[in-house]
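Coordinate analysis (summary)
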Amino acid sequence: MRRWFSLGLPLMFFACAPVEPPAPLAQVDAGSALAGMGLASVAAPPDAEPSSLESAEALRSAWQATAPEPSSDGGVPHATASALIEPMDPSELADPPEEDGGAGGALALSLAPSLSQTPSRGANPQALPGEEEPQVITESEVPVLELGPDGEPLLDADDFAQEPVPPVAVEPLLGDAPVADVGSRPDGTPAAGDVGADPNGTPPGVDPGSDGDATPEAPLAALDAGFEPYAVPYAPDAGSLRVRRSIAVRSEPRQDSPPLGTVAQDMRVTWQEGAMRGPDCETWVHLQPRGWVCERYLEQNFREPRVRTLPRVEEGALTPGIYARVVGRRVRAYPSLALARRRKQGVLLKGSVTVKLQGQVKVGRRTFWRTSDGQYFEARVLREHRPSDFSGLDAEALASLPMPFAWAQSRGAPRSDVVVRVAPDARAARQTVLPPRTLVSVRELSPDGQWVLISGDHWVARDDLHVAWSLASPSIVAPGAKWLDVDLESQVLIAYEGDRPVYATLISSGSPGTDTPEGLFRIWVKFAEADMTGSTGNASYRVATVPWTMFFEGDFALHTAYWHDRFGEPVSHGCINLAPKDARTLYGWTTPDVPTGWSMAHAMPDDPGTWVRIRGQARVQPKKRRGPAPVVATLSDL
């Protein structure tokens, strides 16, 4: 349930220049209306002072001048970071004068929590960093699978057939810690994220032209020598072409051409006129909207075309299914229901394992769950993850807000209320408290830089705020182009179109020691879902089907974190964690574009990836301890 909160005195802002309402980001489900975000407009007092460029510059300069010294680990700078990251242009921080289209008035923003926080349930030493304690799964939430004559579940291919999910070694640890190997898909397309992969993402030793069939004795280069594909007639008497198996879509009608992405199994696709014949395929079919697939992976179908956005998400759901963590010692996964019932031939699991549930089967008093990769577990060893319903501010909300603003959330005690005082002093009287992730203004900085005025005589400690600053785009970004800015110090991500912010949210970056790299990057491949593997010291982890994953530098990615609700805290292994709603929104908004029915797509010269600028350094404050008052002196001291 969303909570609402407002101070007795409204917080006064002055509106930015009115702009034509921007189109919402693709797949926005973040509560675009101001009321939905807990924002409310009220009249400005007559004596309200307008914002100015000078005051905005001064505030930004003061903030930077009083920033705490960076920690000794130094972060993970990218080789070209200093050359590519441009100095901040504060020109967009201030409101334009009324004659230039400015509002000439004021907008007030009431303090309102954007998420009702639940109390911390305690840390689990076996869980992933940042993971909340999972809950017992309610059986009514998991579909019951019907058994066939052989005693094994019958699966509806239309509902359960899934694109094979590539294992991806992500969030690599720094130093000498090993990273799990990266495999390839069954269809031969590379699993992204392998260290040392070529520009197409192909891991070493994987033939980029492989279809999953036997490798030809002679290299493709020898087979193709002197042979150029040529046009052949192709006019199937069909309403669509069904994809028989998930298959790579090639940029040219030849097996060794770079892959554009992967079209998923059972999609019914359309084709463009013309076909080609090559040395490795009798008929290369040109698909809509782009790319080539060999006809042997397609079959003519009388039905109309049908493609679906991947991953599939039920209406009202946050994620594409139910996820659970395996708990207990010496837990085994079984390849079939019959073997699970007899507890035979199970594979002993090691480390932290998270699975995606596909359905349940009840046998007497025992309940078994089938996972998305076809394994079976007894219900007693699974605990459900509850994804966060937090979401950021969309274009409509940001267009109505002046910047900077901030989310109030303590770094030392993120789940505790934030204290507001009557003066910029920790000893000053308490004015009120704010629930975590309340939106507040940033109006003035105290002389020592440790306190922020949010309204009237309402002061909040600097470390209790995550500030969103509006910044100019780097010079390398084309005018009006999409790009992302990630501020590691504030744990805030802002999506821009040119210099106009269109989405802003809290993220979780790498914690100190497993830092997120700083620099300017481009998204090079996007996956609808990806299995992620890695290790922390001597412990390994495997996280199933992480949705909406966008790789921007080797194994580093922006992706959903359905296993925690610690956004605003640096808790990852180097990747940028997003709440499900935010990840889904940004996946649909960023490039490369992923055509409907495709499960992944590579960036190409004609469809380059969105720029991602990462700057600053994450800070972790000591946790505030709660408990009885400290003992000043003991009897033995006296």
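Everything here concerns the structure above.
Rules of the game
Numbering of residues begins from 1 in every chain and follows the order in which that chain's sequence is written. Note on the predicted model: pLDDT of at least 70 is required for a residue's local features to be given, and 80 or more for side-chain atom pairs to be given and counted; whole-chain, interface and lining totals, by contrast, use all residues. To get the side-chain values, all heavy atoms of the structure are used, and hydrogens and water are removed first. A run of DSSP states H or I qualifies as a helix once it reaches four residues; a run of E qualifies as a strand once it reaches two. Both are numbered from the N-terminal end. Only protein chains enter the accessibility calculation, which uses a 1.4 Å probe. A residue is then buried if its area is under 20% of the maximum for its type, exposed if over 50%, and partly exposed in between. We call two residues in contact when some of their heavy atoms are within 4.5 Å. Whether two strands pair comes down to DSSP finding at least two bridges between them. To obtain an axis, a line is fitted to C-alpha atoms, over the contacting stretch when the element is a helix, and the angle between two such axes runs from 0 to 180 degrees between their N-to-C directions. The term salt bridge refers to a side-chain nitrogen of Lys or Arg lying within 4 Å of a carboxyl oxygen of Asp or Glu. Two cysteine sulfur atoms form a disulfide, by the criterion used here, when they sit within 2.5 Å. Take the buried Ala, Val, Leu, Ile, Met, Phe, Trp, Tyr and Cys residues and link them wherever side-chain atoms come within 4.5 Å; each set so joined is a nonpolar core. Each Phe, Tyr or Trp ring, with Trp reduced to its six-membered ring, pairs with another whose centre is within 6.5 Å; inter-plane angles below 30 degrees give stacked pairs, above 60 give edge-to-face pairs, and intermediate values give tilted ones.

**Looking at the overall build of the protein chain**
Across its full length, the protein chain holds 7 helices and 40 strands. Taken across its 638 residues, the protein chain has 53% of its residues classed as buried. Pairs at least 24 apart in sequence give 72% of the contacts found in the protein chain among residues at least 6 apart.

**A word on the sheet that holds strand E26 (residues 438–441)**
The strands making up a sheet associate through hydrogen bonds between their backbones, and the pairing can be parallel or antiparallel. What the 3 strands build is an open sheet, ordered E26-E23-E30; its pairing is antiparallel. A single partner strand is all that each edge strand has here, and the edge strands are E26 and strand E30 (465–468). Mean inter-strand twist for the sheet, computed between neighbouring axes without regard to direction, equals 30°. As defined by bridge partners, strand E23 (residues 405–408) adjoins E30 across 4 bridges and the pair is classed as antiparallel. Counted as the bridge partner of Ala408 is Leu465 from E30.

**Description of the pattern of salt bridges**
On inspection of all chains with the given rule, the structure shows 21 salt bridges. Taking the shortest distance from any N to any O, the salt bridge between Arg613 and Asp485 comes out at 2.8 Å. Here the residue Arg613 occupies a position in strand E40 (residues 611–615), and Asp485 occupies one in strand E31 (residues 482–487), the gap between them amounting to 128 residues. Each of the two residues, Arg613 as well as Asp485, counts as buried. Between Asp487 and Arg615 there is a salt bridge, with its nearest N and O atoms 3.6 Å apart. Of this pair, Asp487 sits in strand E31 while Arg615 is found in strand E40, placing the two residues 128 residues apart along the sequence. Residue Asp487 shares its accessibility class with Arg615, and that shared class is buried. A cluster of three or more residues bridged by salt bridges with shared partners is formed by Arg343, Arg366, Glu378 and Arg380.

**Considerations on the state of the cysteines**
Summed over the entire model, instances satisfying the criterion amount to 1 disulfide. Disulfide pairing is shown between Cys281 and Cys294; the S-S distance is 2.1 Å. Across the disulfide from Cys281 to Cys294, rotation about the S-S bond amounts to roughly 95°, and the bridge is consequently right-handed. With a gap of 13 residues between them, Cys281 in strand E13 (residues 281–287) and Cys294 in strand E14 (residues 292–294) connect regions that are remote in the sequence. Considered together, Cys281 and Cys294 belong to a single accessibility category, that of buried residues.

**A few points about the nonpolar core**
Of all hydrophobic cores here, the largest spans 53 residues; its most connected members are Phe552, Leu558 and Leu586. For Phe552, the contacting residues outside a window of four places in its chain are Thr516, Pro517, Phe521, Arg522, Ile523, Trp524, Ala557, Leu558, Ile576, Val612 and Ile614. Ranked by size, the runner-up nonpolar core spans 46 residues in total, among them Phe405, Trp407, Val467 and Trp611.

**Notes on the packing of aromatic side chains**
For the structure shown, the criterion picks out 9 aromatic pairs. For the ring pair Tyr234 and Trp271, a centre distance of 6.5 Å and an interplane angle of 75° mean the geometry is edge-to-face. With Tyr234 in the loop between strand E7 (230–232) and strand E8 (240–243) and Trp271 in strand E12 (residues 271–278), this pair connects stretches of sequence that are 37 residues apart. Residue classification places Tyr234 among the buried residues on the basis of a relative accessible area of 15%. Between Phe527 and Phe551, the ring centres sit 6.0 Å apart and the planes meet at 85°, which makes this aromatic pair edge-to-face.

**Considering unusual backbone geometry**
The omega torsion across Met403 and Pro404 is 5°, close enough to zero to call that bond cis. On the secondary structure map, Pro404 appears in the loop between helix H6 (395–399) and E23. Cis peptide bonds are those with omega within 30 degrees of zero, and the linkage from Thr591 to Pro592 qualifies with 10°. Structurally, Pro592 can be placed in the loop between helix H7 (580–589) and strand E39 (598–602). The backbone of Asp266 sits at a positive phi, close to 75°, despite the residue not being glycine. Tracing the chain through its elements places Asp266 in the loop between strand E10 (259–263) and strand E11 (268–269). A positive phi angle, close to 40°, is found at Thr545, a residue other than glycine.

**Regarding the sheet that holds strand E15 (residues 298–301)**
Spatially, E11-E8-E15 is the arrangement adopted by the 3 strands of the open sheet, whose pairing is antiparallel. Edge positions in the sheet fall to E11 and E15, since each has one partner strand and no second. Of the strand pairs in this sheet, E8 and E15 are connected by 4 bridges, and their pairing is antiparallel. Within the sheet, the bridge partner assigned to Val243 lies in E15 and is Leu298.

Treat this as a map of the structure, not an account of what it does.
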